[in-house]
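# Coordinates in review
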Amino acid sequence: MENIGWFNFEKKDLDFPFYRKNPHVPKWGWIVFVPLILLGFLFTAGESVLSGIISCLILVVPVLYFLKWDYKAIFQKPTLREVGLAVALFVGYMIYATVVSAALGYVGITTDGTVEQSSINLMYILASVFSLMGEEFMKLIPFLFFMRVIFKYTNNRKLAIVVSMILVMFIFASMHAYSFITLIFAIFVQGFGSIFEFYGYIKTKNVFVSYLTHLITDVFIFLLVMFSI
């Protein structure tokens, strides 16, 4: 594959779709993604398995449509090494989140969390198996869009990746905030913390890696909350 600015840690047998018209998403396609992301976000708030499935499909299917159903452009069967990577990134995020949360708490920036203990049960966790894939696409679609725009005007792949990732971090953080204080907390914990999931995807171009990292993290936290640990 041609050298267009790769990071050393990336696997180079696959590239990100769309940003170099590989394949092309027309302007109307990007416009359609906006309400779909909002709808997907609304369905992730549901606690049923059905709402989780809808939040997933409402974003995954349109992306596959523009990929001409070439699912291997974003999904590959995770290798044992990739599963190990996802687990390592989960551990890295938990250490990061623990340290950063403690530092923010020291200066008075805290949050009570976005999930009530009473709402967490096995059905909620099962629904998250699907809704978290939807959340990954809520990050993936804007990431690829920003990459498309930035690469178009700079022809700098590395810059497009970094700037797009940072912009999506702020967007993702805002999805977990309901006040100014919680926004600051979310920017540092959920927003910048998503660097672990981004690393998994950017390295492998396999959404399953970032998804597994996200799933293991959230299920672990849900279990801690459910059992009051």
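Fair warning: this is a prediction, and the values are worked out from it, not measured in the lab. (Residues numbered from 1 in each chain as written. Predicted model: local features only at pLDDT ≥ 70, side-chain atom pairs only at ≥ 80, totals over all residues. Heavy atoms only, no water.)

Now for the overall build of the chain. Helix and strand content of the chain: eight helices and zero strands. Written out in order from the N terminus, the α and β elements of the chain read α-α-α-α-α-α-α-α. The C-alpha atoms of the chain give 17 Å as radius of gyration, which agrees with the globular expectation for 229 residues (17 Å, within 12%). Its C-alpha atoms put the chain at 50 × 40 × 35 Å along the principal axes. Taking all 229 residues of the chain together, 49% fall into the buried category. Contacts in the chain between residues far apart in sequence, at least 24 positions, make up 77% of those at least 6 positions apart. (Helix = DSSP H or I, 4+ residues; strand = E, 2+ residues; numbered from the N terminus. Rg over C-alpha atoms; globule rule 2.2 N^0.38 Å. Buried < 20%, exposed > 50% of the residue type's maximum accessible area, 1.4 Å probe, protein only. Contact = heavy atoms within 4.5 Å.)

Bringing the packing of helix H4 (residues 122-154) against helix H7 (residues 195-204) into the picture now. Viewed as axis vectors pointing N to C, H4 and H7 meet at an angle of 65°, and their least axial separation amounts to 12 Å. As for how H4 packs across H7, the hand of that crossing is right-handed. Taken together, the residues of H7 that come into contact with H4 (itself represented by Glu136, Lys139, Leu140, Phe143 and Leu144) are Glu197, Phe198, Tyr201 and Ile202. Residues belonging to the contact of H4 with H7 are distributed by class as follows: six nonpolar, no polar and three charged. (Axes fitted to C-alpha atoms, helices over the stretch in contact; angles between N-to-C directions. Left-handed = near helix turned anticlockwise from the far one by under 90°. Nonpolar A, V, L, I, M, F, W, Y, C, P; charged D, E, K, R; others polar.)

Two side chains bearing opposite charge may form a pair once their charged atoms approach each other closely. Per the counting criterion, the structure on display carries seven salt bridges. Glu82 is the salt-bridge partner of Lys11, the closest N and O atoms lying 3.6 Å from each other. With Lys11 in the segment before helix H1 (27-44) and Glu82 in helix H3 (residues 80-106), this residue pair connects regions lying 71 residues apart in the sequence. On the accessibility criterion, Glu82 (7% relative accessible area) is buried. Its salt-bridge partner being Arg157, residue Asp15 comes within 2.9 Å of it at the nearest N-O pair. Placement of Asp15 in the segment before H1 and of Arg157 in helix H5 (residues 157-174) is noted, with a sequence separation of 142 residues between them. Each member of the pair, Asp15 together with Arg157, is buried. Connected through shared salt-bridge partners, Glu10, Asp15, Arg20, Arg157 and Lys205 make up one network. (Salt bridge = Lys/Arg side-chain N within 4 Å of Asp/Glu carboxyl O.)

This part takes up the nonpolar core. The biggest cluster of nonpolar side chains holds 49 residues, and the ones touching the most others in it are Phe16, Ile74, Phe137 and Phe143. If you list the elements that add at least two residues to this core, you get H1, helix H2 (49-66), H4, H5, H7 and helix H8 (207-226). Residues contacting Phe137, with those up to four places away along its chain left out, are Leu59, Val60, Val63, Ile74, Phe75, Pro142 and Val207. (Core = buried A, V, L, I, M, F, W, Y, C linked by side-chain atoms within 4.5 Å.)

Using the criterion set out here, one finds 24 aromatic pairs in the structure. Ring centres of Phe75 and Phe137 lie 5.9 Å apart, and the angle between their planes is 45°; on these two criteria the pair is classed as tilted. A residue pair is termed long-range when its members are at least 10 positions apart, and Phe75 in the loop between H2 and H3 and Phe137 in helix H4 qualify at 62 residues. With 6.2 Å between their ring centres and 80° between their planes, Tyr93 and Phe196 make a pair best called edge-to-face. Here Tyr93 is found in helix H3, whereas its partner Phe196 is found in helix H7, with 103 residues between them in sequence. Accessibility classification places Tyr93 together with Phe196 in one group, the buried group. A network of ring pairs unites the aromatic residues Phe18, Trp28, Trp30, Phe33, Tyr65, Phe66, Trp69, Phe145 and Phe146 as a single cluster. The residue whose ring lies beneath Arg157 is Trp6, and the NZ or CZ to ring-centre distance is 3.9 Å. Geometry around Phe16 places Lys205 over its ring, the cationic atom sitting 5.0 Å from the centre. (Phe/Tyr/Trp six-rings, centres within 6.5 Å; stacked < 30°, edge-to-face > 60°. Lys NZ or Arg CZ within 6 Å of the ring centre and 35° of its normal.)

Right, let's talk about the environment of Lys68 for a bit. Counting through the fold element by element, Lys68 comes out in the loop between H2 and H3. For Lys68, a relative accessible area of 65% puts it in the exposed group. Considered as a pair, Lys68 and Phe143 are 75 residues apart in the sequence and their alpha carbons are 19 Å apart.

Model confidence for the chain is summarised by a mean pLDDT of 91, while 94% of its residues fall at 70 or above. Taken element by element, the chain is modelled with least confidence in helix H6 (residues 180-191), mean pLDDT 90, and with most confidence in H7, mean pLDDT 97. (pLDDT = per-residue confidence, 0-100.)

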